[in-house]
Each structure stands twice: as structure tokens, then as C-alpha cells.
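Spelled out, the chains give:
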Amino acid sequence: MPPSPPTPLPVPSLDEVDVWVDTHLADLIGPSPVARHPSIRGGQSAADAALAGWDVRGYASTRNEVWPVSRQGASGLSPWIRHGLLPLRRVWDHVEGGPTRDVRKFHDELLWQEYARHLHARMGRATGRSLRAQPPPVDPAGAERAWDGDMACMALTVGWLEEGWLPNQTRMWLASDWTVRHHARWQDGEDRFFRHLLDGSRAANRLGWQWTVGTGSRKRYGFSRWQVEKRAPGLCDTCPLVDRCPIESWPDGPQESPWLAQADPRLRGGPDDAGPPSAEVTGEPEAVWLTGESLGDADPALAAWPDLPAVFVFDAPLLASLQLARPRVVFLVETLADLARRRPIEVWRGDPRVLLAGRRLAVTHAPVPGFGPRAARLDVVATHPWPWLLSPAGGPVTSFSAWRKAVGTVPARNAQLSLEVH
């Protein structure tokens, strides 16, 4: 008897997400000390509420504060930004009219996110290699000594990491402790971030690690007790190692990395995987294929075809290799459950190249290495442009400042229409 054709999974309600994840995806999830983030929820509804409650006032002076949590000034919007629930342009416009210093600093952070995407669109998987300078020499035992849980600062921040989110200042602490101080491979630390963080992306994660450990900018960030006492006052007083702090002084070794003998020439210029500048439609689609890069209501393909069902595939072979932590998967399922309240959606588990074969699809281009090979195997009849904040210009991505000079300025709000199609 021939096997039954595959069928989509039942779409859960938001109240059913935990049971649904355990039933349908548990074998694809990596080790997870916690089941879900204690407060961050997936979905457009949660994203809209978070943005509406975000006030940029005071951001410039408080964004690097760590502890107590009440002192933190980071927006916490990155999980929804990462999955396209909050497009960068929408977040950019949300803070307009706020205090000039705070708006400028927040806009700089959004541009850093955009730069990370441009760099990744150019370099692809090569961002997993040291780009401009040599890393510290690798100690095979370094990972065993890094992130010492006896230290209050490490226990706190590793705990936040395993929940799924932590402010950028502490990401630098962890990356520096891992590689600059203990000489563990930065790629292994970045993998840990990617598995756990709700906003985990190869673009932003790898750029952050390379900047911190000196392979992207040459200068290494040296984490020591001084940063903890400045950004988390009083935390050291709770530490059992307060009188014998392992990070009392600056890490040993040079503060600058030697340049690579030959950096990848693509950093200086070249083609980007930017996608089409406007929608390319060759037929009538029957469904909108959603990817993890763009799951929001403003996804260009979703917006262009409002009467079509959405389709999302949990790519089982990919997930089995990534071993994402449970909070990341819960966030994605919550996002799909929330979307299902507004339009029909099919959720599948398997290989998208097999499950979606033969269906005419509309999709938003995703500027990540895995998108092109999958899309090429499918009948994509409508490809919509990625909503760039600044369109890739093919110029240098060697540094943030060089990239910023090449791409120019963000268009004014009255140029939004042209921005969306380019």
C-alpha cells in the first residue's frame, strides 16, 4: 500500500503552543535549560505592543546599563526585528520627534543592524570566517574555563542567554570572556548565541562577535571587572568571588589583532544578494511562502496577496542540524499562531523543497545564503523585494563607517513608497 501523502500540521492557538511544540518538534530541539522566555512572546500582536510601549527618551545614556534590570535602557525590540515583525523602517520612524541625542543614537543602532544584513548579503557563509584580522590563538580547553558560573556576572548573563535575550553590553562581555580572555574559538561561542537568542541571526551575531574579538575591526574588546562595576553597580558585591575576582584586570595579551595577510576582496566591493528592486511576477500564485526572515503582517508578499493562504515549513533537516533551543522555537510557533488569527496559514514539517514542490508560490526575497537554493527548486512565480532600510550599493563593507559613507542617508518619510519597492 503506498504511503499517505503528507498533510499540514494543525495550527495551534496561542494557549496550545507549548504542548504543540512538544508534540511536533521536540526531536528537533537542542538542549534547553528553560522552556520559554519569561516575558517575550512571538507574534505581530506582541511586536506591535512592544513598539507602542517603547519610548526612546533616555536611550543614549541608559542603553548600556545592565543591572538591576530596571536600569536597562535597551529597547528589547530585536526579537521582532530579526523575524521581520518590526521592519527597520517602521522602528526608525517610531522614534522620530524624540530627543535628538537619543534618536540619533537609536538610529545608529538600527543602521548597525542594516549594515550587518548588507555584510551578510555580500559575504554569505564567509562571515563565519575571520574577515579582516587574525583571532586570538585558540586554546582547546578555553571553552571549559569561559563563562564561569561562580562569577555573579557570568551566572546572570549566561542565564539571560539561555532564556533567549540579553542586552548588547552583556553580549560583548560574554564574547570577550570566551575568546579574548580564554582563547576559545569565536565561531563556537557565536553558535551558542545563535542557538539560544530569540533574535539570533548569522548576520548580526557574527558581526557582533567579529567586532568584539578583533577579527572584524582589529581592536579587541577587553572585558574586566571595571565594566561590571560601571554597568551593573552592586552586582560584584553579591559574587562569591568578590575578593578574588578572576577578571580583576584586563585580559593578558595584545589589545590589537594582526591584520590577515589577505582579506577577502569582496569586502571592498562586489555584487550583493539584495534581491529584486521591485516585484517580479511571472504567474498567479496560489500561496504565500513565508520564511523565518520575514514573518510579519507587513511582509511584502503577504501584503501583496492578502487573499492567499500563507505557508510555513519547519525545515526538519535544517533544524536537526542547528539544534535551536526551545525558547527560540516557541517564539516562532507563537508567531505563526498569532498570524493564524488573521489569515489562513498552513504549517508543515519536513523539507520545503519537497513539501512545496508543484505549488505556485509568492515569496519575499530573503538575503541569506539558504534562500536562493531552496527558491530555485520551487515554482516561485512572484518574488517581492526585501524591505531594505538602505538599498545595497555594491560598495565597501569593510567597516561600518566605510559602508555608511557608501550607502548615503535614509530617505525621508515622504520617500517611503520608493523605499518599499527598492
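Small disclaimer: the values here were computed from a predicted structure and weren't measured.

**As for the sheet that holds strand S2 (residues 287-290)**
- Here we have six strands laid out as an open sheet, ordered S1-S6-S5-S2-S3-S4, and mixed in their pairing. Edge strands, defined here as strands with exactly one partner in the open sheet, are strand S1 (280-281) and strand S4 (345-350).
- Lying over the sheet, helix H15 (residues 326-339) contacts S2, strand S3 (310-315) and S4, oriented at roughly 165° with respect to S3.

**Considering the packing of helix H8 (residues 152-163) against helix H9 (residues 168-181)**
- Running from amino to carboxyl end, H8 crosses H9 at an angle of 110°, the nearest separation of the two axes being 10 Å. Between H8 and H9, the interaxial angle falls into the category roughly perpendicular. Considering the relative orientation of H8 and H9, their crossing is left-handed. On H9, the residues touching Cys-153, Met-154, Thr-157, Val-158, Trp-160 and Leu-161 of H8 are Thr-170, Trp-173, Leu-174 and Asp-177.
- When its residues are assigned to classes, the contact of H8 with H9 shows seven nonpolar, two polar and one charged.

**Digging into the nonpolar core**
- Of all hydrophobic cores here, the largest spans 37 residues; its most connected members are Trp-54, Leu-77, Trp-80, Leu-86, Val-91 and Phe-106.
- For this core, the element with the highest residue contribution is helix H6 (residues 100-123), accounting for eight residues.
- Setting aside residues no more than four positions away along its own chain, Trp-54 makes contact with Tyr-59, Gly-73, Ala-74, Ser-75, Leu-77, His-94, Val-95 and Phe-106.

**Quick look at H9**
- Helix length check: H9 (14 residues) gives 18 Å between terminal C-alpha atoms against 20 Å at 1.5 Å per residue, within 8%.
- With 13 of its 14 residues buried, H9 lies for the most part within the structure.
- Residue His-183 follows H9 closely and has a positive phi angle near 60°.

Criteria and cut-off values
- Every residue gets a number counted from 1 within its own chain, in the order that chain's sequence is written.
- Local features in this predicted model are restricted to residues of pLDDT 70 or higher, and side-chain atom pairs are both shown and tallied only at a pLDDT of 80 or more, whereas totals for entire chains, interfaces and linings draw on every residue.
- Side-chain descriptors were evaluated using all non-hydrogen atoms of the structure, hydrogens and water having been removed beforehand.
- Here, a strand pair is defined by DSSP locating no fewer than two bridges between the strands.
- Secondary structure is summarised from DSSP: a helix means a run of H or I of at least four residues, a strand means a run of E of at least two, and numbering begins at the N terminus for each.
- Any pair of residues with heavy atoms lying within 4.5 Å of one another is described as a contacting pair.
- Angles run from 0 to 180 degrees between N-to-C directions of axes, and those axes are lines fitted to C-alpha atoms, restricted for helices to the stretch in contact.
- The scheme is simple: roughly parallel for angles under 35 degrees, roughly antiparallel for over 145, roughly perpendicular for 65 to 115, oblique for anything else.
- Left-handed describes a crossing whose near helix is turned anticlockwise from the far helix by less than a right angle; the clockwise case is right-handed.
- All residues other than Ala, Val, Leu, Ile, Met, Phe, Trp, Tyr, Cys, Pro, Asp, Glu, Lys and Arg, Gly among them, are scored as polar; the first ten of these are nonpolar and the last four charged.
- To form a nonpolar core, buried Ala, Val, Leu, Ile, Met, Phe, Trp, Tyr and Cys residues must be joined to one another through side-chain atoms within 4.5 Å.
- Exposure is judged per residue with a 1.4 Å probe applied to protein chains only, and the accessible area is read against the type maximum: over 50% gives exposed, under 20% gives buried, and values in between give partly exposed.
- Multiplying 1.5 Å by the helix residue count minus one yields the expected span of that helix.

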